[in-house]
Amino acid sequence: MPELPEVENACRILLRSKLPGRTIERVDVGWAPTVKQPSLEDFVLGLQSRRVEAVSRRGKYILLPLDNGETFIIHLGMTGGLSVRPSAQELDPMVRHSFRLDDGRTLRFRDPRKFGHLWLTANLDATLPPLGPEPLSPDFTAAALASRLENRNAPVKALLLEQSVVAGLGNLYVDESLFLAGIHPSRESGSLTVPEIEGLHRAILDSLTAANAIYDRAREAEWPDPPSALHTWSLPRKEGEPCPRCAAPFDSLRIRGRGTFCCPVCQPLPEPAIREKAKTSPKPATPIC
C-alpha cells in the first residue's frame, strides 16, 4: 500500500503539474464502489465546475480543497497513482477515474486493483479517521512519540502502524525505521527507554526524508513520466538475505498479521529474564556491565 513518501510524491506530481487553479469540467467514474461519500450522483455533480484551490496531504490521504469550501479526498489504495495528462493522450486501461480540466488536460486516477477511495466532503474532520501527528511536522517530537508508546504492551511495530499514533507510516517504513534504530519490531512499546525512543524518532525522520529525496530526484529526472513506486529503503525484505550492516541473515516474522523483516543481531530482543525483571520490578533494573 502506498505510504507517506508515495502519497507525498503523488501530491508533488500534482503541484508540479500545476493542478491548483484548474477547474474540473467533467467527471468520469469507471468503478462506482471507489466513491465512498456522497452518493455517486452527488459526487459527480458536486465536483463539476469546481476549482481546485490547493494540493495537500494528511497521512495517506490526498486533499484537494475546492472553491466552494468542500474537499475532494483521494486515497490511492494499494497500487493507485495520479497524473495530469493532455485529454487527447491515449488512456491507460488501468485508469479507473478521470477528471477533465478547463485547460485541455485530465486528472487521471490509475488504480489497477480497484482499492482506491474517493470522497467529497464539507466536513474534513468528520470524514477522515483519527490521525496522529505528521511525522515530518514540528508537532512530532521525541516526547510526543514517547507519550504514545508509554504503558503500551503492544509490539512497537504494531503500534507504529496505527494511524492514530503516527499518520502516514506503513509496513515498509516502520520496518526501516526500527532497523535504523536497532529496535526489534516485537518489543513491547512500553519497554523502550528514553534513548531508544529518541533514536526511533530520528530513524523515522531519516527514513522518510531520505525516501522523499529519492522521489524528488527521480521525479525531476524522469518528468513528465515520473515513477510512482520506488525502492527507497535499505533493509532487505527477504528472509536469509544478508544484513547491510553486519551480514547476518535477515529474519522474517509476522506481527499482528503483517509481514516483518529484521536483523536478529542489529535488532536484538532483550533476554527473557531481563524483560520479565524490567516488567515486574518497581525500581529500574541495574545496568548489566
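Just so you know, these numbers come straight off a predicted model, no measurement behind them.

**Student:** Provide a residue-level description of the sheet that holds strand 2 (residues 35-37), including the pertinent values.
**Tutor:** If you trace the 5 strands from one edge of the open sheet to the other, you get 2-10-6-5-4, paired in mixed fashion. Taken across any chain shown, the strands that pair with only one partner, and hence form the sheet edges, are strand 2 and strand 4 (56-58). Ignoring strand direction, the axes of neighbouring strands in this sheet form an average angle of 25 degrees. Relative to strand 10 (residues 117-121), strand 2 runs parallel, the two being bridged by 2 bridges. Note on strand 10: the bridge partner recorded for Gln37 is Trp119.

**Student:** How would you summarise the packing of aromatic side chains if you had to cite specific residues and measurements?
**Tutor:** Both the distance between ring centres and the angle between the ring planes are used here to describe each pair of aromatic rings. Applying the stated criterion to the full structure yields 5 aromatic pairs. Between the aromatic rings of Phe43 and Phe72, the centroid separation amounts to 5.8 Å while the plane-to-plane angle is 70 degrees, which identifies the pairing as edge-to-face. Remark: Phe72 occurs in strand 6 (residues 71-75) and Phe43 occurs in helix 2 (residues 40-47); sequence separation between them is 29 residues. Look at Phe43 and you get buried, because its relative accessible area is 0%. An aromatic cluster is present here, built from Phe43, Phe72 and Phe99 joined pairwise through their rings. Its end group placed over the ring of Trp223, Arg16 keeps NZ or CZ at 4.5 Å from the ring centre. Directly above the aromatic system of Phe179 lies the positively charged group of Arg245, at a separation of 4.8 Å from the ring centroid.

**Student:** Outline helix 4 (residues 142-149), listing residues and values.
**Tutor:** Here helix 4 has its buried residues at Ala144, Leu145 and Leu149. Seen end-on, helix 4 carries its buried residues on one side only, within an arc spanning 135 degrees. The secondary structure elements touched by the buried residues of helix 4 are helix 5 (156-160) and helix 7 (194-222). After helix 4 finishes, the residue Asn151 shows a positive phi value of roughly 60 degrees.

**Student:** Talk me through the nonpolar core; I want residue IDs and the actual numbers.
**Tutor:** Of all hydrophobic cores here, the largest spans 31 residues; its most connected members are Leu145, Leu160, Leu200 and Ile204. Elements represented by at least two residues in this core include exactly helix 4, helix 5, helix 6 (171-181) and helix 7. Residue contributions to this core peak at 5 residues, all from helix 7. Ignoring anything within four residues of it in the chain, the contact list for Leu145 reads Phe140, Leu160, Val166, Ile197, Leu200, His201 and Ile204. Val7, Val52, Leu82 and Val84 belong to the second-largest nonpolar core, a separate cluster that totals 27 residues.

**Student:** Provide a residue-level description of the environment of Ala144, including the pertinent values.
**Tutor:** Take Ala144: it is sitting in helix 4. Once the C-alpha coordinates of Ala144 and Gly132 are considered, the two residues, 12 residues apart in sequence, prove to be 9.9 Å apart.

**Student:** Outline the pattern of salt bridges, supporting the account with residue identities and numerical values.
**Tutor:** Evaluation of the coordinates by the stated rule reveals 19 salt bridges. Between Arg50 and Asp67 there is a salt bridge, with the nearest N and O atoms lying 2.7 Å from each other. You can see Arg50 sitting in strand 3 (residues 50-51) and its partner Asp67 sitting in the loop between strand 5 (61-65) and strand 6, a full 17 residues away along the chain. Exposure remark for Arg50: the relative accessible area of 24% places this residue in the partly exposed category. The class of Asp67 is partly exposed, set by a relative accessible area of 30%. Ionic pairing is found between Arg237 and Asp175, a salt bridge with its closest N-O pair at 2.9 Å.

**Student:** Which residues make up the packing of helix 4 against helix 7, and what values go with them?
**Tutor:** Taken N-terminus to C-terminus, the directions of helix 4 and helix 7 make an angle of 115 degrees; their axes are 9 Å apart at the nearest point. Judged by the sense of rotation from one axis to the other, the crossing of helix 4 with helix 7 is right-handed. Contact residues: Ala142, Leu145, Ala146 and Leu149 in helix 4; Ile197, Glu198, Leu200, His201 and Ile204 in helix 7.

**Student:** Report on the pairing of strand 12 (residues 258-262), specifying residues and quantitative values.
**Tutor:** Sheet topology note: the strand 11 (residues 251-255)/strand 12 ladder contains 5 bridges and is antiparallel. Among the inter-strand pairings, Asp251 is bridged to a residue of strand 12, identified as Cys262. Hairpin geometry of strand 11 and strand 12 is characterised by an intervening segment of 2 residues between the two adjacent antiparallel strands and by a positive phi of about 50 degrees at Arg256.

**Student:** Let's hear about the sheet that holds strand 7 (residues 81-86): which residues, and what values?
**Tutor:** Ordered in space as 3-1-8-9-7, the 5 strands form an open sheet in which the pairing is antiparallel. Of all the strands in the sheet, the pair left with one neighbour each is strand 3 and strand 7. Where strand 1 (residues 23-29) meets strand 3, 2 bridges bridge the pair, whose relative direction is antiparallel. Along strand 3, the bridge assignment pairs Ile24 with Arg50.

**Student:** Lay out the packing of helix 6 against helix 7 with the relevant residues and their values.
**Tutor:** At their nearest, the axes of helix 6 and helix 7 sit 8 Å apart, and the two run at 125 degrees to each other. With respect to helix 7, the axis of helix 6 lies oblique. Note that helix 6 runs across helix 7; the crossing there is right-handed. Residue-level contacts link Tyr173, Glu176, Ser177, Leu178, Leu180 and Ala181 of helix 6 to Gly199, Leu200, Ala203, Ile204, Ser207, Leu208 and Ala211 of helix 7.

Procedures and definitions
All residue numbers here refer to positions counted from 1 along the written sequence of the relevant chain. Since the coordinates come from a predicted model, pLDDT governs what is reported: local features require at least 70, and pairs of side-chain atoms require 80 or more to be given and counted, while whole-chain, interface and lining totals use all residues. Hydrogens are left out, water is left out, and the side-chain values use all remaining heavy atoms of the structure. Note on pairing: two strands pair once DSSP finds at least 2 bridges between them. Secondary structure counts use DSSP, requiring at least four H or I residues in a row for a helix and at least two E residues in a row for a strand, with both numbered from the N terminus. Axes here refer to lines fitted to C-alpha atoms; in helices the fit is confined to the stretch in contact. Angles between the N-to-C directions go from 0 to 180 degrees. Aromatic contacts are taken between Phe, Tyr and Trp rings whose centres are within 6.5 Å, Trp giving its six-membered ring; a plane angle under 30 degrees counts as stacked, one over 60 as edge-to-face, and the others as tilted. Exposure is judged per residue with a 1.4 Å probe applied to protein chains only, and the accessible area is read against the type maximum: over 50% gives exposed, under 20% gives buried, and values in between give partly exposed. Put simply, a charge is over a ring when the Lys NZ or the Arg CZ is close to the ring centre, within 6 Å, and near the line of the ring normal, within 35 degrees. By definition, the arc is the one covered by directions from the helix axis to the C-beta atoms. Residue contacts follow a heavy-atom distance rule, with two residues in contact if any of their heavy atoms lie within 4.5 Å. Remark: nonpolar core denotes a set of buried residues (Ala, Val, Leu, Ile, Met, Phe, Trp, Tyr, Cys) joined through side-chain atoms within 4.5 Å. Any carboxyl oxygen of Asp or Glu that lies within 4 Å of a side-chain nitrogen of Lys or Arg is treated as forming a salt bridge with it. Note: crossing handedness is left-handed where the near helix turns anticlockwise from the far helix by less than a right angle, and right-handed where it turns clockwise. For classification, angles of less than 35 degrees are called roughly parallel, those exceeding 145 degrees roughly antiparallel, those between 65 and 115 degrees roughly perpendicular, and all remaining angles oblique.

These values are about where atoms sit, not about what they do.
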